Amino acid sequence: MKGIKKVADGIFWIGGSDRRLERFENIFPIPEGVSYNSYFIDDDKTAVFDTADITVADQYIENLKDALAGRKLDYLVVLHMEPDHCSLIDKVVALFPEVTVVGGKQTFTFMQQFFPQTADFNKFEVKEGDTLSTGSHTFSFVAAPMVHWPEVLFAYDDKNKALLSADAFGTFGALDGGIFADEFDFEKDFLASARRYYANIVGKYGPQVQAVLKKAAGLDIQMLLPLHGPVWRKNLDVILGKYQKWSTYESEEDSVIVVYGSLYGHTASAAEAVAAQLRDKGAGNVRVYDVSGTDVSYLIGEVWRARKIVLMCPTYNNGVYPPMENFITDMAALGVQNRVFALAQNGTWAPVTGKLMSEKLSALKNVTVLENVLTIKSALHATDADALNNFTDAIVSA
Ligand code: FEO
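In this text, all values refer to a predicted model and were calculated from it rather than measured experimentally.

Caption draft 1: Looking closely at the packing of helix α6 (residues 191-202) against helix α10 (residues 296-305). Interhelical geometry of α6 versus α10 gives an angle of 100 degrees and a closest axis separation of 8 Å. In terms of orientation, α6 and α10 fall into the roughly perpendicular class. When α6 is examined against α10, the residues R195, R196, Y198, A199 and N200 are found in contact with a partner set consisting of S297, Y298, I300, G301, E302, W304 and R305. Within the contact of α6 with α10, the residues separate by chemical class into 5 nonpolar, 3 polar and 4 charged.

Caption draft 2: Structural view of the packing of aromatic side chains. Under the counting rule described, the total for this entry stands at 15 aromatic pairs. Aromatic pair F186 and W232: ring centres 4.7 Å apart, planes at 65 degrees, arrangement edge-to-face. Within this pair, whereas F186 is found in helix α5 (residues 186-189), its partner W232 is found in the loop between β16 (223-225) and α8 (236-247), the two being separated by 46 residues in sequence. Residue class for F186 comes out buried when judged on its relative accessible area of 9%.

Caption draft 3: How the structure looks around the domain arrangement of the chain. You can read the domains of the chain as domain 1 (5-247) and domain 2 (255-397). Once you take the C-alpha centre of each, domain 1 and domain 2 turn out to be 38 Å apart. Here domain 1 packs against domain 2, burying approximately 960 Å² in sum over the two surfaces, 56% of which is carbon and sulfur. Of all residues in domain 1, R195, R196 and N200 bury the most surface against domain 2, accounting for 46% of the area lost on that side. For the pair domain 1 and domain 2, the interface holds 1 salt bridge. Taking the shortest distance from any N to any O, the salt bridge between D295 and R23 comes out at 3.4 Å. Counting across the interface, domain 1 meets domain 2 through 5 residue pairs in polar contact (both at pLDDT 80 or more). Listing elements by their share of the side of domain 1 that touches domain 2, those giving two or more residues are β5 (28-29) and α6.

Caption draft 4: Local environment of the environment of Y243. Tracing the chain through its elements places Y243 in helix α8. Taking the relative accessible area as the measure of exposure, Y243 reaches 1% and is therefore buried. With residues near it in sequence (within four places) discarded, Y243 still touches D167, A168, F169, G170, Y198, V209 and L213.

Caption draft 5: Structural context of the packing of α6 against α8. Look at α6 against α8: their axes get within 11 Å of each other, and the N-to-C directions meet at 40 degrees. Between α6 and α8, the angle falls in the class oblique. The two elements α6 and α8 meet at a crossing, and its hand is right-handed. On α8, the residues that touch L191, A194, R195 and Y198 of α6 are K242, Y243, W246 and S247. Here the residues of the contact of α6 with α8 sort into 5 nonpolar, 1 polar and 2 charged.

Rules used throughout
- Residues numbered from 1 in each chain as written.
- Predicted model: local features only at pLDDT ≥ 70, side-chain atom pairs only at ≥ 80, totals over all residues.
- Heavy atoms only, no water.
- Axes fitted to C-alpha atoms, helices over the stretch in contact; angles between N-to-C directions.
- Helix = DSSP H or I, 4+ residues; strand = E, 2+ residues; numbered from the N terminus.
- Parallel < 35°, antiparallel > 145°, perpendicular 65-115°, else oblique.
- Contact = heavy atoms within 4.5 Å.
- Nonpolar A, V, L, I, M, F, W, Y, C, P; charged D, E, K, R; others polar.
- Phe/Tyr/Trp six-rings, centres within 6.5 Å; stacked < 30°, edge-to-face > 60°.
- Buried < 20%, exposed > 50% of the residue type's maximum accessible area, 1.4 Å probe, protein only.
- Domains from an automatic or database assignment.
- Buried area = accessible area lost by both parts, 1.4 Å probe.
- Salt bridge = Lys/Arg side-chain N within 4 Å of Asp/Glu carboxyl O.
- Polar contact = N/O pair within 3.5 Å; in protein donor to acceptor, adjacent residues only side chain to side chain.
- Left-handed = near helix turned anticlockwise from the far one by under 90°.

Structure representation (structure tokens):
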């Protein structure tokens, strides 16, 4: 059964949604599913922009054939050579051997690595500023290196003033029969997934996202067509505003997340006590997470939302509690900036994790690590009331 959606004048979505894949990139849990967007151009010449993941191959090929309605495919444009979008290139070329495959120089280098038969493809190499006309549409190519692979291209359709933006502005989440962001309650249905997608996958490349946003500012963009998630045709400022904040490592909210690790519940109880005091003292939207029970990709998403991060965990093998160490390593790898950290350590005989976490966090740029480390000796007691009070005071005032 075909699943084609009209996106704009002469542009049709022919992708697929996957709800069976457990982990995107075999790392990130996606209980909300994911869509792989491919765009068919119905013009004097026919074209598709990107293919889809192998997991939706049957649906994709059926959609493509239905969209073509017996015509031949003239162009296969490859904006991104990551396999969640390119894994069907060989199948499409096998179906339409005369198709011209369009991509940048590095696109074809990568294509050859994935598909040795690329040498036999009809190829048209483009670079930034080059154009491709299909008749009534002229697509201009914009280089978007490291957003989030080096070969990435965007394409701007002058007819619909639409930017085909590769992974940028994409999100986890199946499409549930819709296609436009304004068909959903984006904040409720997609924002957390879009933030988690951005932070974990593109988060390291903020300067590169800034560079491409500056280029895009010179275009009259009325639509955004990403490779995952809904298409934007209204209120583009919503997602553009988020990308401006996310790519400059600016928090969305002056709020607090408390992330704790706890072997037997004592640090967990202390975390709840910290959160309660923070709320009582007006810290606003305080959220508490168990670092052992929360996939780190969700914690990273929350780091992109909140300005203040409280880390609380026991000393373990004279080091940092391993799930917490993994979280801190991930933040460092993704280049987290502009955050305030408060640290609490638990240790029954030799608490050192506060010092060790502080040393690890010092590798992050433009962060403040509050000096006042809360030390818990096994469990928090009434005798710790002053220390707890001072700890939460320092967080609220930071
Ligand atoms: Fe959705 Fe970078 O691939």
